[in-house]
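Here is how the chains run, residue by residue.
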Amino acid sequence: MNHFCQQASRLASDKLERRLSLNESLRLNIHCLICSSCRHYTAALRLLHVTLRKTHEAEPPQKLPAATRQQIIRQCKEQPE
Amino acid sequence: MEAWVSAWGDFLFRYAISRVQDRDIAADLVQETFLAAWKGRQSFKGEASRKTWLTGILKHKITDHIRQQIRRRKLETALDDDPASPWFQDDHSWREPQRAWHDSPDRLAHDKDFRLALDDCLSHLPARQRLVFILREINGDDSEEICKQYDISTTNLHVLMHRARLALRHCLQSHGFGASS
Ligand SMILES: [Zn+2]
């Protein structure tokens, strides 16, 4: 007998990318009722999704290194007008 | 030129870093961008803003760089396309039971160890998977734009995201993030 878990894991990911069809959404939800692995995996993806967006916001501001700045200005000056 | 660099240098640098994940490469790409913009300054018609124009040039440089990288790492790209999943058994059930993960996104996002683990896990993804995943999930870029820029179908994008999530979830768990104690 084939299990639905592999498909469920794909649907759990797709759910974060697109709107699932009613049929897909029902199949995923019903499967998660009986399968704790898929239930935990689906919840983990959602947690990861929210966390990753927050890591982007928490990123410290990056500055273009001074050496690169000087190099750019020098190289542009060397260009013929 | 000095004015351009001070006005948009940091912005372009941040934009490049978030896409190539390497400070040195990002700095090189920004440098090439300013040089190309300077050489082509006559062709700037002023229809778009100067910032949009520069960002457009940078986007091309980033795409070229990533295509080169993918070409150079043929092996990794082959892995990208491998449909066999190490996470499932032949009957499509999980190889290992999945455990519950309770944590706070706010806490994790500011946790240094989590960030280190995340960087390590991301670095182990095949090149294209990593790129698409970062653009989409971390930077929050529009899927349509990603598909157009990297010439992949929406279904391809969803497959790459799915594989990246499976791999990340398991990698993070091996670093101690992903199962509640
Ligand atoms: Zn299942």
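Fair warning: this is a prediction, and the values are worked out from it, not measured in the lab.

**Student:** I'd like a rundown of the overall build of chain B, residues and numbers included.
**Tutor:** Helices and strands together make up the secondary structure of chain B, namely nine helices and zero strands. Seen in sequence order, chain B has helices and strands lined up from the N terminus as α-α-α-α-α-α-α-α-α. Projecting the C-alpha coordinates of chain B onto the three principal axes gives extents of approximately 60 × 35 × 25 Å. Expressed as a percentage of its 181 residues, the buried residues of chain B come to 51%. Excluding contacts between residues fewer than 6 apart, the proportion of contacts in chain B whose partners are at least 24 apart in sequence is 70%. When the accessible surface of chain B is totalled, it reaches about 9,400 Å², and 50% of it is carbon and sulfur. Distance between charge centres in chain B, computed from 27 positive and 27 negative side chains, equals 5 Å.

**Student:** Before we move on, could you go through the nonpolar core and cite the residues and values that matter?
**Tutor:** Counting residues in each nonpolar core, the largest one holds 61 residues, and the members touching the most others are M1, W4, F34, I62 and L122 of chain B. Element by element, the count of residues in this core is highest for helix 1 (residues 2-20) of chain B, at nine residues. Two domains share this core, each providing at least three of its residues, namely domain 1 (2-72) and domain 2 (75-174) of chain B. For I62 of chain B, the contacting residues outside a window of four places in its chain are Y15, A16, R19, V20, L29 and Y150 of chain B. In this structure, C32, C38 and Y41 of chain A together with W94 of chain B belong to the second largest nonpolar core, which totals 16 residues.

**Student:** Break down the interface of chain A and chain B for me, citing the residues and quoting the values.
**Tutor:** It is common to give the size of an interface as the accessible area that goes away when the parts come together. Tallying the contact residues gives 46 residues for chain A and 55 residues for chain B. Both faces considered, chain A and chain B share a buried interface measuring about 4,800 Å² in area, 60% of it formed by carbon and sulfur atoms. Of all residues in chain A, Q6, E17 and Q62 of chain A give up the largest surface area on contact with chain B, accounting jointly for 14% of the area buried on that side. Its salt-bridge partner being K54 of chain A, residue D106 of chain B comes within 3.5 Å of it at the nearest N-O pair. Linking chain A with chain B are 17 residue pairs in polar contact (both at pLDDT 80 or more). Considering each element in turn, the side of chain A that touches chain B owes the most residues, 18 residues, to helix 3 (residues 36-58) of chain A. Grouping the amino acids of the side of chain A that touches chain B by side-chain chemistry returns 18 nonpolar, 17 polar and 11 charged.

**Student:** Can you lay out the pattern of salt bridges for me, pointing to particular residues and giving the numbers?
**Tutor:** All chains considered together, the criterion is met by 14 salt bridges over all chains. The residue D111 of chain B makes a salt bridge to R107 of chain B at a minimum N-O spacing of 3.1 Å. Residue classification places D111 of chain B among the buried residues on the basis of a relative accessible area of 15%. Taking relative accessible area as the criterion, R107 of chain B reaches 41% and is therefore assigned partly exposed. Residue E137 of chain B is joined to R165 of chain B by a salt bridge in which the shortest nitrogen-to-oxygen separation is 3.1 Å. Placement of the pair is E137 of chain B in helix 7 (residues 127-138) and R165 of chain B in helix 9 (residues 154-174), with a sequence separation of 28 residues. Under the relative-accessibility criterion, E137 of chain B is labelled buried at 2%. The class for R165 of chain B is buried, based on a relative accessible area of 0%. Three or more residues joined by partner-sharing salt bridges are found here, namely R10, D14, R18 and E24 of chain A.

The rules behind each value
- Residues numbered from 1 in each chain as written.
- Chains lettered and ligands numbered in written order.
- Predicted model: local features only at pLDDT ≥ 70, side-chain atom pairs only at ≥ 80, totals over all residues.
- Heavy atoms only, no water.
- Helix = DSSP H or I, 4+ residues; strand = E, 2+ residues; numbered from the N terminus.
- Buried < 20%, exposed > 50% of the residue type's maximum accessible area, 1.4 Å probe, protein only.
- Contact = heavy atoms within 4.5 Å.
- Areas by Shrake-Rupley, 256 points an atom, 1.4 Å probe, with all protein chains shown as cover.
- Lys, Arg positive; Asp, Glu negative; His and termini not counted.
- Charge placed at Lys NZ, Arg CZ, Asp CG, Glu CD.
- Core = buried A, V, L, I, M, F, W, Y, C linked by side-chain atoms within 4.5 Å.
- Domains from an automatic or database assignment.
- Buried area = accessible area lost by both parts, 1.4 Å probe.
- Salt bridge = Lys/Arg side-chain N within 4 Å of Asp/Glu carboxyl O.
- Polar contact = N/O pair within 3.5 Å; in protein donor to acceptor, adjacent residues only side chain to side chain.
- Nonpolar A, V, L, I, M, F, W, Y, C, P; charged D, E, K, R; others polar.

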